[in-house]
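Next come the chains, spelled out residue by residue.
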Amino acid sequence: MDFVALVSGGKDSILSINLALHHGHTCVALAHVAPPLVSPTTDTNSFMYQSCCSNVVEGVASCLGMPLFRRRSKMQTEDTTLHYTGEGEKGE
């Protein structure tokens, strides 16, 4: 099965690619959600994914010979209510 690997630049995302390849799957591209461009004093740590290794993702893609698709996070919460409904999402 072909797959696109979501990579952070950390060892765990590289390990997940390696395991999928070991099980006969084919990685066709890498995807990366980069932190926003902000001042050096802004905390870009995320509760959802790590951003500390974002600077090495292009090198990882180059080493693996994979195309890289990157989008910047706005680090904004769409829904902060206690009971998430998904209403107002931009959709797929």
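Look above for the structure.
Rules used in this analysis
Residues numbered from 1 in each chain as written. Predicted model: local features only at pLDDT ≥ 70, side-chain atom pairs only at ≥ 80, totals over all residues. Heavy atoms only, no water. Pairing = 2+ DSSP bridges. Helix = DSSP H or I, 4+ residues; strand = E, 2+ residues; numbered from the N terminus. Axes fitted to C-alpha atoms, helices over the stretch in contact; angles between N-to-C directions. Contact = heavy atoms within 4.5 Å. Polar contact = N/O pair within 3.5 Å; in protein donor to acceptor, adjacent residues only side chain to side chain.

### Some thoughts on the sheet that holds strand β1 (residues 2-6)
Then, in step 1: Strands sit in the order β1-β2-β3 across an open sheet of 3 strands; the sheet is parallel. The open sheet has two free edges, formed respectively by β1 and β3 (68-72), since each of these has just one partner strand. Put simply, the sheet's adjacent strands are angled 20° from each other on average, direction ignored.
Then, in step 2: Bridge count between β1 and strand β2 (residues 26-34): 5 bridges; the pairing is parallel. For D2, the partnering residue across the bridge sits in β2 and is T26.
Then, in step 3: Strands in contact with helix α1 (residues 11-22) are β1 and β2; relative to β1, the strand with the most contacts, it is inclined by about 165°.

### Observations regarding the environment of S8
Then, in step 1: Mapped onto the elements, S8 comes out in the loop between β1 and α1.
Then, in step 2: The spatial distance from the C-alpha of S8 to the C-alpha of A31 is 8.7 Å, given a sequence separation of 23 residues.
Then, in step 3: Separated by 3.1 Å, the side chain of S8 and the backbone nitrogen of G10 make a polar contact.

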